[in-house]
Every structure is written in C-alpha cells, then in structure tokens.
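Now for the letters of each chain:
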Amino acid sequence: MRAILFTVVLLLVARTSEQACSRCRTFDLWLGCQTEENKVISLYNGHKCAAVENSNVNLNCTLGDADGLTLEYQWFKSSKVGGQSLASMGSDAKQINCSSASCSLNEVKYSSEANLEEHDSLFYQCVVTVKEGSGETVKTVGTFYSNVLAVDVQKYEAPVGEMTSTLHSVDIGTAEVKLSCPLPDTNPPSTAVWTYAKVGESNSSSISDRANMMVVQNTIISTEAKFGYTEGMLVIMNFKAEDVGVYKCSIRHETLLGVVNQKDVASHVVASSGITQTSVSEGLRIVSKVQNPALLFNDTDTTTLTCLGSNLIAGETAQHYWQKAESVNGVIVYKNITTGADYQVSNHGRSLTFTKDYSLAGTTFRCQIQKGVDSILINDFHQAPIIPKSGYIPTGVQCGTTNSSVTASVDELLTADVSKTGVVQVLAGSSYYWKIDNTDINKFSEGYTVSSSSLQWTTTGNEQCHYLQNFKYIDNLYSVQQIMAVSVLPEEYKTVPSLEMTESGGDIATITCTATLDSIPDALQDKLGLSVLFDVGGCVEYTTAVVEVSENLGTCDKTVTRWMKIDKKQLCSECVVKCAAATSCIASVEKSVTIPAGKENCNSGQTGAITDENSFPGWGIALILIVVILGVIFISAIFFYTYMQRQQNNSDGKILGATVIKVTAEEDKM
C-alpha cells in the first residue's frame, strides 16, 4: 500500500492590498479527529470518531478564513446533544482542559455508566472566540460553536473461563424453557449467537429458523424479576419432543473498525423428562422491542424492527401483523403493511425490514400479535434516524444595505421535503436553533421572522459584518452547524459575475474555474467579496477521491481562480462537480463537468473473518490502512471543502451554501 503525502497548495489571489480589503470573513468551522492506523478512524463523513480503548485521540478544531486574527479556544464534552451548545448544558457537560486548536484525549476509556469524569465515549464541541486588533483596540469579531463530534470508544474483553455445559430435563409441554447466555460489558454491545443440533450430531442450525424459539434482546420490556428474562437468553416456547437437543451460545462482538471476535461460552443439553404436561396455557407476553441499526447513512441502509412475544409459536398459534400510521381525513389510523419490494418480513413475521426513506422520518410503526382471541400491541417503532451525508453545513454569504430586509433561505439539498433516496444532504427529522452575533434567536425574538425555511430581519448601519450561525440536530445523535456572513453595504449591488470552467487531465482530473467582474462601484471598493464556489453535491465519493484543492480566502479584486484535482481511480460512481462565481450578493449560473468512475472491484463485498482472539485479522489490517488514508484525506480536504461552497444569495442559481433551517413536525420546537 503506497504512502500518500499531501502538499497543501495555497493560491493567494492578488488583491489591491491585504489591509485595504475589508470584506466580511467567510468563516468555516470544523471539528474532526486525527486518524491512526488500527486505532482511530473517522466515520459517516466526520460525524463520529471510533477509537480502540486505551488509544490516544487527537481532536482538531479548524476555523478557516481567519488569517491575521486572534483565536481563543474552549472545549466541552457531554453525554447528550440537542437544542443548545454543550457549553450551555450545565451539569450535563464538562469543560476539558484544552485551550488550543487541538485537544488530546489520552488513553480513552469506555464505561456503561457514562461518567463525565472517567468516561470518554461522549460528544465533543469546540468554541472559538475570534478577536482582531491589539492592546486597547482589541475587538471581538464573534464567538462560534463547532459541529458536535461523537467519540465512540470501542471496548472488548473476552469472556473469562472455558465454555460451560448444563444439562436440563424438561417436561413436554412446558410453556417456557429459558437457557442463559451472559453477555459481557462491551462497546458496541455483544450479541448472543445460538445454534441447535440433535444429540450426537455435528450439524447445527440457527434457531432463527425455529418458530417457537427467540433470543431475548434489548430493549427488554418484561424486566420484572418474576419473568426471569435476561438479554442474550434463548427462550423455547411450548416445548416439544423435537426440541430435545444441544443448544450452544457464542458471544459475537464487532467493532466499528471492523474487528470481529467470537467465542463459545455456553452449551445446554436439553433432554425430555418423560413427563407430558397437559392443559398448560399461558397468556401472551411482550418480551423485547428491537430497532436496528442506531442510524442510517447510506442510501441502501435498512431499518429492521423486531417484536418478540412469549407463549406462542410464530406463524402457527399466533400471527404477527406490522402496521404503519397514516392520516385519514386528519385522523391517525394504523393500516396493515403489505409486504413486497418496499417492506420485507422475516423470522416468522417477527421482523420487518425496509430501506431508508426520507419521507418516513417521524412515521410510527407498530406490531400486533394475535393468538386466538388474545391480542397484544408493541407501539412506537420508528425508522432509524437518518444522519446527513456531510458532517457539516457549508458557509454562506448574504448582503444587504442599511435598514433593508435580509432573508436567509434554505438550500434545496438541505430540506426535509425530499422523499426520495440519492440526495447528498438531507436533515430529515431534525430540529434547529439560531444565533446572530452570538445572541440566541427564536420565534419570539423581536425584529426577527423565523420559520422552518428562513430567517428574516432588518439590517442597521452600526456594523458592516454580522455573523449568523444555525444548528441542526437530532437529540443525542448529532448536531451540525453553519456560519453565514451578512455584509451591510453602502449601496445595492446586482451585477452577476461571469464564469469559465474547464476540465483536463488523465486519471487525475483537474477542474479549473475563474470568476470575473467587469467593474466594482467606487462605494464598494475593498468591501465587495468575490469567490468561486464548487458544489460537489453530485460527487458522493468526494472526500475519498479529492487529491488537492486550492484555498479560497475570497478577494476584493475583479478576478479569482480556483481548482481541484479528483482521482478517477477512487470513484465507483460518476462524480458531478458544479461551479459558480459569486459576489457577496449574487451568484452566477452554474456550470458542471461529469467525471467518469475509474475504480475497479467496487463491489467486492469483502467482510471480516471471525477470530477467537482480540486481534485484527489480515483483511482487517488492510481495510483499516485504507480507512486511515481516507481519514487523512478527509481531515486534509475538509478545511478546503467548506471554503468551496459559499456566498449564496436569493438568485435563481442553486449553489450549495445557503442557510438551512429544519424543525420537526412540531413547528414550534426550538
């Protein structure tokens, strides 16, 4: 595997003079982690950092377009994330002893108790205060809060001791036979894998093929001690002669780094006592409610809902019906789901699986189990929450004149209105909140009009630059943010800049864009910014394939050129790169190029080998090396990528970089 060395090329566009250019800054704030081979990886385009327990995790807080300014840093961690910054969470958060752009978490630990003092598997956020000037002329430009980064510490301890063996003598007709399989304290949680074989035979089969058996899973509903259920336990219902045999349980653990460990821990030999119970009848009982996975990221990701009830034989003595909530004439009703291409049922009807769908955000499902005249319901199932394809929202720029109305509107790629897959960034089901010049703004703030799609207020002449920051979040999952600079200019400006876009090269494609203005009014000299915006929304493998990209600090001059290089060999699907020229006030019409995919063996589907040792299998080492390289690409590229999408206005040009607001179904939730 070849080593990759990135040389960051900075193109400083000629300006009238650095001191004379007083444009508002296009700050880009990003929090990420530094990857380390076999120990630390970045996941979900920067939403999460997975680290092996006892490794060192280095967090990096990057603020772009801040040359010549003084930056002060604070760091916070919390077990929660939601409608406020971590710094405002009081006892639910803790400030970390870090004061620079980097923060090192040494020998990270995991604990199921999530103690803020000793536990590191938490959410993290940096706060940057920007100042300019010196001595008595120091002025605070703004205080900005980064995206929230989840650090997920991976912990595995192999079960102690040899496999246990237990003999059971069971009456035929017994309502429930409970076979235990203790699960260790790991992260992610370990799972129990049960197999069955007839006595004296070596061939075994999965118990998922047996309608009168189930494995108790989280969340356990029947937690009362009298029921005796524990996670990982196998329950055999209405015990029959054909259920006699050997049941083995192995503990399986897979880290987010792709390492799989599996060990046999328990063997249960179940024999018949020779006694047959008669007239034994137990009522239906709800045991477990299961929703997997924790989140959806890729377009092909699926949600699986499972309802587990006891004292039944699935498909024989009892039927499972899956239902979805729908609105009929303003009334919510539950209708049975028709299985087919959209919904698949498995495990004798106990599990429902369906592919990620943005339109299902907030939709409620339920499971009904019918046994004769008895019926039970397991309510409040949902599609797994959707995490956006990008871990940040790109910077935007807006302008207005003194005492004029300014409206920041959402970008179409960032709304929750899209009901189809294939969209690069959708904040489905998320909520929002706003800050303007570090002041919280809500629907009741005087002088502001706030909705799920825009924020409007009237500018004043007191300051040339105002900085907005909006946050989108799903409670305890993620929080992303965008900074928008609003320039208050002496006069209205409507000139659209011209744009030239070219593409060249072989395996490494070079895309070049040049923005040009014919003239700038005297009143706006050294105040009007000009930039080139790249929209890589049509290139889902951008962070993997990007090789180099020029930095754009903006300019007060009449021309600016930017470029990027894409490695075609890293593309499994075509990459559409769009480009536009933009001033602080208006964007040009987009141009685009399509880069064909050049990578081979994209659908190898290789999975990890299973080992009994706490070590990386050979494939895992190779995979982690690749992931680490991609992580380096991501950390190197993200600083520049956020520069590439800015200066959106209210023109008809749709450029990624407009301000976005999203609320949940309850419009007033803030």
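Quick summary incoming for the structure in this document. Small disclaimer: the values here were computed from a predicted structure and weren't measured.

Turning to the overall build of the chain, a few remarks are in order. A tally of helices and strands in the chain yields 2 helices and 41 strands. With 670 residues in all, the chain has 52% of them scored as buried. Considering only contacts within the chain whose residues lie at least 6 apart along the sequence, 72% involve residues at least 24 apart. A total accessible area of about 29,100 Å² is found for the chain, and carbon and sulfur atoms account for 47% of it.

A separate point is the pattern of salt bridges. Per the counting criterion, the structure on display carries 20 salt bridges. K178 serves as the salt-bridge partner of E176, at 2.9 Å between the closest nitrogen and oxygen. Measuring nitrogen to oxygen at the nearest pair gives 3.6 Å for the salt bridge that ties R285 to E176. Here E176 lies in strand β12 (residues 176–179) and R285 lies in strand β19 (residues 285–292), a separation of 109 residues in the sequence. Here the two residues R285 and E176 agree in accessibility, since each one is buried. Bridged by salt links that share partners, the residues E176, K178 and R285 form one connected network.

With that out of the way, let us pick up the sheet that holds strand β32 (residues 454–458). Sheet strands associate in pairs through backbone hydrogen bonding, adopting either a parallel or an antiparallel arrangement. Pairing is antiparallel in the open sheet, where 3 strands are placed in the order β28-β32-β31. Each edge of the sheet is formed by a strand with only one pairing partner; in this case those strands are β28 (405–409) and β31 (448–450). When the angles between neighbouring strand axes are averaged without regard to direction, this sheet yields 10°. Two elements, β28 and β32, share 5 bridges in a ladder whose sense is antiparallel. Its bridge partner being in β32, V406 is matched across the sheet by W457.

This brings us to the state of the cysteines. Counted according to the given criterion, the structure contains 9 disulfides. Shown here is the disulfide that connects C21 with C556, its sulfur atoms set 2.0 Å apart. Note on the C21 and C556 pair: the S-S dihedral is about 75°, so by sign convention the disulfide is right-handed. With C21 in the segment before β1 (28–33) and C556 in the loop between β38 (546–549) and β39 (559–567), this residue pair connects regions lying 535 residues apart in the sequence.

With that settled, consider the nonpolar core. In terms of nonpolar packing, the biggest core is built from 36 residues, with F27, V57, L59 and W75 touching the most fellow members. The contact partners of V57, leaving out residues within four places of it in the chain, are C33, V40, C49, A51, C103, S104, L105 and V108. If you look at the next biggest cluster of nonpolar residues, it comprises 33 residues, including M501, V560, V593 and I595.

All right, on to the sheet that holds strand β34 (residues 478–489) then. Taken in spatial order, the 5 strands line up as β27-β34-β33-β29-β30 in an open sheet, and their pairing is mixed. Each end of this open sheet is capped by a strand with a single partner; those strands are β27 (396–401) and β30 (439–441). Neighbouring strand axes in the sheet, compared pairwise and without regard to direction, differ in orientation by 30° on average. Bridge count between strand β29 (residues 431–436) and strand β33 (residues 465–474): 6 bridges; the pairing is antiparallel. When the bridges of β33 are listed, W434 appears paired with N470.

Mapped onto the elements of the fold, K472 is located in strand β33. On the basis of relative accessibility, which here comes to 0%, the residue K472 falls in the buried class. The spacing of K472 and G82 is 390 residues in sequence and 8.9 Å in space, taken between C-alpha atoms.

Rules behind the numbers
Going along each chain's sequence as written, the residues are numbered from 1 onward. A pLDDT threshold of at least 70 governs which residues receive local features in this predicted model, and a stricter bar of 80 or more applies before side-chain atom pairs are shown or counted, although totals over entire chains, interfaces and linings include all residues. Side-chain metrics in this entry use all non-hydrogen atoms of the structure; hydrogen atoms and water are not considered. Put simply, DSSP marks the helices as runs of H or I at least four residues long and the strands as runs of E at least two long, and each gets a number from the N terminus on. Relative accessibility thresholds used throughout: buried, under 20% of the residue-type maximum; exposed, over 50%; partly exposed, between the two (1.4 Å probe, protein chains only). Residues are treated as being in contact if the distance between any of their heavy atoms lies within 4.5 Å. For accessible areas, the Shrake-Rupley method is used with a probe of radius 1.4 Å. Any residue's cover is judged against the shown protein chains and nothing else. For salt bridges, the criterion is a side-chain nitrogen of Lys or Arg within 4 Å of an Asp or Glu carboxyl oxygen. Here, strands pair whenever DSSP counts at least two bridges between them. Each axis is a line fitted through C-alpha atoms, and for a helix only the stretch in contact is used; angles between axes span 0 to 180 degrees, taken between their N-to-C directions. Pairs of cysteine sulfur atoms within 2.5 Å are identified as disulfides in what follows. Only buried residues count toward a nonpolar core, which is a set of Ala, Val, Leu, Ile, Met, Phe, Trp, Tyr and Cys residues joined through side-chain atoms within 4.5 Å.

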